[in-house]
Amino acid sequence: MYEFKAGREFDCFHVNFRYGPANENEKCLFVASDEEDRVLGCVGLEVVNVGVDGNPDAEDLEPRPLLEFLAVDSKARGRGLGKSLLKQCEEKAKYWGYKEIILQVKADNNVAIGLYKKMGYSVVSEDNTILRPKEGGLLGGMNFEPALHLCMQKELGSGILASLPKLF
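Note that the structure is a prediction, hence the values are computed from the model and not measured. (Residues numbered from 1 in each chain as written. Predicted model: local features only at pLDDT ≥ 70, side-chain atom pairs only at ≥ 80, totals over all residues. Heavy atoms only, no water.)

## Some points on a nonpolar patch on the surface
Phase 1 of the analysis: A cluster of nonpolar side chains, contributed by L131, M142 and F144, occupies part of the molecular surface with about 340 Å² of accessible area.
Phase 2 of the analysis: Counting through the fold element by element, L131 comes out in strand β7 (residues 131-134).
Phase 3 of the analysis: The class of L131 is exposed, set by a relative accessible area of 51%. (Patch = residues over 30% accessible without salt bridge, like charges linked within 9 Å, V, L, I, M, F, W, Y side chains within 5 Å. Areas by Shrake-Rupley, 256 points an atom, 1.4 Å probe, with all protein chains shown as cover. Salt bridge = Lys/Arg side-chain N within 4 Å of Asp/Glu carboxyl O. Helix = DSSP H or I, 4+ residues; strand = E, 2+ residues; numbered from the N terminus. Buried < 20%, exposed > 50% of the residue type's maximum accessible area, 1.4 Å probe, protein only.)

## Notes on the nonpolar core
Phase 1 of the analysis: L67, I101, V105, Y116 and Y121 are the most contacted members of the largest nonpolar core, which has 28 residues in total.
Phase 2 of the analysis: Per-element tally for this core: the top contributor is helix α1 (residues 81-95), with 5 residues. (Core = buried A, V, L, I, M, F, W, Y, C linked by side-chain atoms within 4.5 Å.)

## Examining the side chain of K154
Phase 1 of the analysis: Here K154 shows up in strand β9 (residues 149-155).
Phase 2 of the analysis: A distance of 3.1 Å separates the side chain of K154 from the side chain of E90, its partner in a polar contact.
Phase 3 of the analysis: Beyond its immediate chain neighbours, meaning those up to four positions away, K154 contacts E90, K99, E100, I101, M119, G120 and Y121. (Polar contact = N/O pair within 3.5 Å; in protein donor to acceptor, adjacent residues only side chain to side chain. Contact = heavy atoms within 4.5 Å.)

## Here's the deal with the environment of E62
Phase 1 of the analysis: As for its position among the elements, E62 is in strand β4 (residues 62-72).
Phase 2 of the analysis: When its relative accessible area of 39% is taken as the criterion, E62 is described as partly exposed.
Phase 3 of the analysis: Each C-alpha atom of the pair E62 and N49 lies 5.0 Å from the other, and the pair is 13 residues apart in sequence.
Phase 4 of the analysis: Residue contacts for E62: discarding those within four places in its chain leaves V48, N49, V50 and E100.

## Some details on α1
Phase 1 of the analysis: The terminal C-alpha atoms of α1 lie 21 Å apart, and with 15 residues this matches the ideal 21 Å at 1.5 Å per residue to within 8%.
Phase 2 of the analysis: Of all the positions in α1, only L81, G82, S84, L85, L86, C89, E90, K92 and A93 are classed as buried.
Phase 3 of the analysis: At the C-terminal side of α1, G97 shows a positive phi close to 100°. (Expected span 1.5 Å × (residues − 1).)

## Focus: the state of the cysteines
Phase 1 of the analysis: Following the criterion strictly, the structure yields 0 disulfides and no others.
Phase 2 of the analysis: No disulfide involves C28; its nearest neighbouring cysteine sulfur is the one of C89, lying 5.7 Å away. (Disulfide = S-S within 2.5 Å.)

## Regarding the pattern of salt bridges
Phase 1 of the analysis: Evaluated as defined, the whole model comprises 8 salt bridges.
Phase 2 of the analysis: A salt bridge links D60 to R64; the nearest nitrogen and oxygen atoms lie 3.8 Å apart.
Phase 3 of the analysis: Judged by its relative accessible area of 32%, D60 falls in the partly exposed class.
Phase 4 of the analysis: Among the residues examined, R64 registers a relative accessible area of 5% and is labelled buried.
Phase 5 of the analysis: Here E90 and K154 are joined by a salt bridge, their closest N and O atoms 3.1 Å apart. Taken together, the residues E90 in helix α1 and K154 in strand β9 connect sequence positions 64 residues apart. Note on accessibility: E90 and K154 belong to one class, buried.
Phase 6 of the analysis: Within this structure, D60, E62, R64 and E100 form a network of salt bridges that share partners.

This is the structure we're talking about:
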C-alpha cells in the first residue's frame, strides 16, 4: 500500500523549461511521492493569457490559471491522490488571486472527466484543434490528427460561503 506526501511543491528552477526561470508566467509543479520519494503523481499549473474556453485567440482573453498534465501512477490510483493534487492547484490559484481555474482534457478520457466533474469542474467548450501523434508518417516521420478535447472550468470561491451549495 502506498502512503504519499501529497503535493510537495518543487522549486521550478529544477523542473524543466516550461516551469523553469525562462518562463516568467506564474507557474508551479506539484509532485506527490511516497515515503521512499518515488514519484506517484504530478500536476502543473501555469497562468496563461487565454479565453475561458482555453483558446489563446478568444475574445475574452485574460490571464487564467491552466491546470496541466495531471498524472497518477496506475498503481497509486483510487486513493485520492489526483483529488489531492487538484486541491493543491486550486489553493495555489486562489493564493495567486484568481477566482477560476481551467483545464483541457481529451474527450475520451472518461476517468479524468469523472474526477473533474466530481471536483466541481464543468465543460465550457469543445476544442478539436489540438493535435495528437498518429502512426504512418512519410519515411517513418510523425503524422498528426485532431483529437477532441473538452475545456473545463471551476469557479474558485473563498472562505466558508464558497463551500456551501448554490441554491439559486
